[in-house]
Amino acid sequence: MKVGLFLPCYVDQFYPQVGIATLELLRQFEVEVSYPMEQTCCGQPMANSGCEKDAIPSYLHFVETFQAFDYIVAPSGSCTYHVRKHFDVIEQSEQVQHVRARTLDISEFLLDVIQIKSLTAKFPHKVGLHQSCHGLRGLRLGQGSERVGTAYSKTEQLLQMVDGLELITLDRKDECCGFGGTFAVSEAAVSAKMGKDRIADHQRNGAEVLTAGDMSCLMHLEGLIRRRRSEIKVMHLVEILNAK
Amino acid sequence: MQHADKAATFIQNESKTDWHNASIWRAREKRDVAAHGIPEWEHLRELASQIKDNVLSNLDHYLVQFEEAATRNGVQVHWAATAEDHNRIVLGILQKNKLSKVVKSKSMLTEECHLNPFLEANGVEVIDTDLGERIIQLRDERPSHIVAPAIHLKKEEIGELFHEKLGTEKGATDPNYLTEAARQHLRSAFMESHAGLTGVNFAVAETGGVVIVTNEGNSDMGVHLNKVQIHCMGIEKIIPRAQDLGIFVRLLARSAIGQAISIFTSHYHRPKAGGAMHYVIVDNGRSEHLGREDFRNGLKCIRCGACMNTCPVYRRSGGHSYGYTIPGPIGSILTPGKDLKQHSDLPFASTLCGSCSDVCPVKIDIHEQLYKWRQIIAEEGHLNRFKRWSMRLAGKILSSPKAYRRFGRLARWALRVMPSSMVYNRWNDWGKERELPTAPKQSFKEWYQENHPAS
C-alpha cells in the first residue's frame, strides 16, 4: 500500500512540524508513506471565495500529483473535504474518481483503513478539542451536536488512546472558530469575535492545550492568543498523537 | 453598507453582542433538547424534505387543487404575481368592505411586500399584534429575526419605548409589567379592528384550509373578532395532505424554540356566517427561484429560524446586518435571487461551517448553496476588484510547483525581516486583532528534501 502525504499549502509553509509529526506518526505503523514534492494546494482558497474557475488548474495538478497512490492522507479535514466534495467540477476521469475517493483525513486513515487500536503517545495535559467544521460536518468525523443519533467522534477516539491526556468538556462543543478562509479577512470583526469566544470556552473549562484536526482553525486561534499573550497553547492533533 | 461593516459596528458593543449571542444560543440549546427527545428526528426531517420536494416538483398541480378546494369551501382566492399586486389586492378587499382598521398577525410575507406603509399611505391603520412585531412597528424598524422579530432589543429598550408610546412608568423593565401593558393596548386594538389579516404556515391542498401556528393566539383573536379575514401566503406554503401536518407541526416548534408544539395551532377552512374569507397567494419571484435548479430547495423553508439561532455569524452580527426581511443563512441564499448585485455580500457572510444545513428541519443544503452563490457572484463580476485579482493570481501561483515554492520562500522571508509596523498596516485585516503565524526558515518541503535526498 502506497500512501501519499498531502499537506495543506499553509502547513507546508508555516507549520512544518505538523507535516513532520504526520509523517512520523504514519511511519510508526509501518505505512509506506512518501511526500510528492510537486504538490501545491487543493484549490480551496480560490473556490471558497467564489473563484472556482481559478482553482481548476490546482485541481488538475493535485490529481496528477497524487493519482499513483493507493491513499492520499492529510492532517486536514478541510482540505480533504474540498478534494472529496468540490473536485466534482472537473471531468470525472478514472484518476479523478480514484483521487477523490482515496483522499482521507489522517483520523479516517488511522481508524478506518489501518484500524489502529493503540498509540504509544504520552501527553499528560488537559486538552480541549476544537472540532473543525469541515471535518465534523463535512467528513462526518463525528456526530455534530445538531444531529440526532449515536454519538461518536474519530478525533476523540484517537485522543483517548494517548497516555495521560485529559480531555476537557466545552460549553459549546462544536461551534465554529470563525476562520472560514477569506472570511477571516473579509469579515474580520465577526471572525475575531468568534475566535475569541471559542478560546474563552477552552480557557473557562481549564484547557492547557487547544487542539484540532485542522491547522487553519488553529492558525486563526493562535493569532488571537498570541496578540493577547494568553497562556493557552495550540497544537495540531497529530503533534499530540505523535507526542513522546 | 455591506454586511461586514454593519457587523463590525454591531460588535463594537461587545457586551451587547455577547448578550445577543447568548440569548439566541439558548433557543438553539432548547431546540437540541427537544430534537434529541425524538429518536426518529432524522427520519422526520427526511420525510419533511421529501414532501417538500414533491410539492416543489408539482406546485402547479397542488396550487390549483388548493384553489378548487378553497373555493368549494367559500373562500375567495386571489393570485398576486408581485408584492405590489399583493398590496393592491389587500387594499381592494378592505376598500370594497369599507374597512380602515386591520389587525395583523404572523406574517413575514407582508413584511417582504412592505404592506404596512402601503396601507397606511392609503388611509388604513395597521396594527401588528404579535408582541415582537408590535415592538418593532412602534420603533419603525424591520424585524431582526423571523420568529422573534425584536430579539435584538433588551428589556430596558422596550421599557423606554413603551413609556414613550404606551405611557408605562418611566424606567420600568419588568417583563410581566411590560407584557401586560402591551396586552391591554392590543386588546383595545383588537376590539376596534375591522378586519383580521394573518400569514400562513401551511396551506393544505386537499382540504383548501390554512394552518397558522402561534404562541400568543393573536391570529385567532383577529380572525374571530372580525367578519373579514385575510390570509396571505407565498406559493411555497402548500403541503399536499392534512396528514402531512403530523410531520411539519412536530418539526416546526421544536426547531424554532424547542417547544414540543406551539401553544396555538389554528386551522381555518371557511368563512364564518355572514363573513368573508380571502386568500392572497403570492409569487413575488418565487417561481423564478423555482427555476434555479441549484437553489430551488430554498423554497422548502418552513420559517422556523433554526438556521439563524445556530449561525455563529448571525448571533454575533444581528439580523439587521443582512439588510433584508429574512436575515441569517436562509436569507443569504434567498436574497441573491432577488437582486444579485445588491445582496452579493450575503453569501460571504458565512464561514461555511454547515451547522445551518444540519439543524434545518427540511434539510435545505444551505451552506452548499452559499458556496454556489459565491461562484455565480464571482462569475457575474460582483466581487471587489482586489479580491478578484488576488484570487486570479493565487490560482496561478498555487497550481505551479515552481511559482509556489518561490512565492512561499519569499513570503516567509518577508515576514521574518519586515518590521512589524510594515506587516501590521491598515490594509492587513488579518492583523487587526491577530498575529500572523511565525514564518519558519525551512518549509516542510525543504525539510523533506534535506532528509529524503532521493525524492
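Now for a look at the structure at hand. Here the structure is a predicted model, which is why all the values come from computation and not from measurement.

Let's shift gears to the state of the cysteines. Residues and elements named next belong to chain B. Counting across every chain of the model gives 0 disulfides over all chains. Its sulfur unpaired, Cys 113 is 7.8 Å from the next cysteine sulfur, which belongs to Cys 232. When its relative accessible area of 3% is taken as the criterion, Cys 113 is described as buried.

This part is about helix H1 (residues 3-12) of chain B. Those residues of H1 of chain B that fall on the buried side of the exposure criterion are His 3, Ala 7 and Ile 11 of chain B. Buried residues of H1 of chain B fall within an arc of 65° about the axis and therefore sit on the same side. Buried residues along H1 of chain B sit in contact with helix H11 (188-204) of chain A together with helix H2 (14-36) and helix H15 (312-317) of chain B.

By the definition in use, this model includes 47 salt bridges over all chains. Of the charged contacts, one joins Glu 14 of chain B and Lys 193 of chain A as a salt bridge, the two residues approaching to 2.9 Å between their closest N and O atoms. With one member in each of two chains, Glu 14 of chain B in helix H2 and Lys 193 of chain A in helix H11 form a pair that bridges those chains. The exposure class of Lys 193 of chain A is buried, given its relative accessible area of 2%. Here Glu 446 of chain B ties to Arg 409 of chain B by a salt bridge, and the two come within 3.3 Å at their closest N and O atoms. Highlighted residues: Glu 446 of chain B in helix H22 (residues 444-451) and Arg 409 of chain B in helix H20 (residues 401-417), separated in sequence by 37 residues.

All names here are of chain A. Pairing is parallel across the open sheet formed by 4 strands, whose spatial order is E6-E5-E7-E8. Of all strands in the sheet, those bounded by a partner on one side alone are strand E6 (166-167) and strand E8 (233-236). Alignment of strand E5 (residues 126-130) against strand E7 (residues 209-212), held across 4 bridges, turns out to be parallel. When the sheet's bridge partners are listed, Val 127 is paired in E7 with Val 209.

This part covers H22 of chain B. Among the residues of H22 of chain B, Phe 444, Lys 445, Trp 447 and Tyr 448 of chain B are the ones counted as buried. Down the axis of H22 of chain B, the buried side of the element spans an arc of 160°, and every buried residue falls inside it. Buried residues along H22 of chain B sit against strand E1 (2-5), helix H1 (9-14), helix H2 (16-28) and strand E2 (32-34) of chain A together with H20 of chain B.

Conventions used here
- Residues numbered from 1 in each chain as written.
- Chains lettered and ligands numbered in written order.
- Predicted model: local features only at pLDDT ≥ 70, side-chain atom pairs only at ≥ 80, totals over all residues.
- Heavy atoms only, no water.
- Disulfide = S-S within 2.5 Å.
- Buried < 20%, exposed > 50% of the residue type's maximum accessible area, 1.4 Å probe, protein only.
- Helix = DSSP H or I, 4+ residues; strand = E, 2+ residues; numbered from the N terminus.
- Arc of directions from axis to C-beta.
- Contact = heavy atoms within 4.5 Å.
- Salt bridge = Lys/Arg side-chain N within 4 Å of Asp/Glu carboxyl O.
- Pairing = 2+ DSSP bridges.

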